[in-house]
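Inside the fold
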Amino acid sequence: QVQLVESGGGSVQPGGSLRLSCAASASGSIFSIYRMAWFRQVPGKQRELVAAITSGSATSYADSVKGRFTISRDNAKNTLYLQMNNVKPEDTAVYYCSALHIVTMRSYWGQGTQVTVSS
């Protein structure tokens, strides 16, 4: 069982930066064995994958955020991060943290944090 709590969302101007955090509590398992990811969703659209990081810290990104966003994890702190630089209005969405157990393939979700990019 994993509980995920996102933080760091808010309002930012275009071109600005924001860092999201996702604190994980994993009873009966260790954080490092989860594949972690950030998704985002806007009203009326499907949730989309923004960035992912494996247990070995290999990363992947959606084309729309490559070169601007950086996903990272601190296994000692059970925390996932998303550094968002040079944000654009189209980055406005609710951002969700996700954890995927690499053995059972069970997935977990946080409650989401709102990011609004506007001048």
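Computed from a predicted structure; not experimentally measured.

Calculation rules
- Residues numbered from 1 in each chain as written.
- Predicted model: local features only at pLDDT ≥ 70, side-chain atom pairs only at ≥ 80, totals over all residues.
- Heavy atoms only, no water.
- Core = buried A, V, L, I, M, F, W, Y, C linked by side-chain atoms within 4.5 Å.
- Buried < 20%, exposed > 50% of the residue type's maximum accessible area, 1.4 Å probe, protein only.
- Helix = DSSP H or I, 4+ residues; strand = E, 2+ residues; numbered from the N terminus.
- Contact = heavy atoms within 4.5 Å.
- Phe/Tyr/Trp six-rings, centres within 6.5 Å; stacked < 30°, edge-to-face > 60°.
- Lys NZ or Arg CZ within 6 Å of the ring centre and 35° of its normal.
- Pairing = 2+ DSSP bridges.
- Axes fitted to C-alpha atoms, helices over the stretch in contact; angles between N-to-C directions.

Right, let's talk about the nonpolar core for a bit. Burial of nonpolar side chains together is a common tendency in soluble globular proteins. With 30 residues, the main nonpolar core has Leu4, Met36, Trp38, Leu82, Met84 and Tyr95 as its most contacted residues. Mapped by element, the contributors of at least two residues to this core are strand E1 (2–7), strand E3 (18–26), strand E4 (34–41), strand E5 (48–53), strand E7 (69–74), strand E8 (79–84), strand E9 (93–101) and strand E11 (113–117). When sequence neighbours within four positions are dropped, the list of residues in contact with Met84 reads Gly16, Ser17, Leu18, Leu20, Arg68, Phe69, Tyr95 and Val115.

Phi at Asn78 is positive, roughly 55 degrees, even though this residue is not glycine. Following the sequence through the fold, Asn78 ends up in the loop between E7 and E8. Residue Asn78 is classed as partly exposed on the basis of its relative accessible area of 24%. Phi angles above zero are rare outside glycine, and Asn86 is one such case at about 45 degrees. Secondary-structure assignment places Asn86 in the loop between E8 and E9.

Attention shifts here to the packing of aromatic side chains. For the structure shown, the criterion picks out two aromatic pairs. Their ring planes at 70 degrees and their centres at 6.3 Å tell us that Tyr34 and Tyr108 sit as a pair that is edge-to-face. Note that Tyr34 is positioned in strand E4 and Tyr108 in strand E10 (residues 107–109), a separation of 74 residues in sequence. The buried category is assigned to Tyr108, whose relative accessible area is 10%. Positioned over the ring face of Tyr96 is Arg47, at 3.7 Å from the centre of the ring. When the ring centre of Phe31 is taken as origin, the NZ or CZ atom of Arg73, which lies over that ring, is 4.7 Å away.

Turning to the sheet that holds E1, a few remarks are in order. Taken in spatial order, the four strands of this open sheet run E1-E3-E8-E7, and their pairing is antiparallel. The sheet terminates laterally at E1 and E7, the two strands that pair on one side only. With strand direction ignored, the average angle separating the axes of adjacent strands in the sheet is 15 degrees. Bridge analysis of E3 against E8 gives six bridges, and the strand direction is antiparallel. Pairing of Arg19 across the sheet is with Gln83, part of E8.

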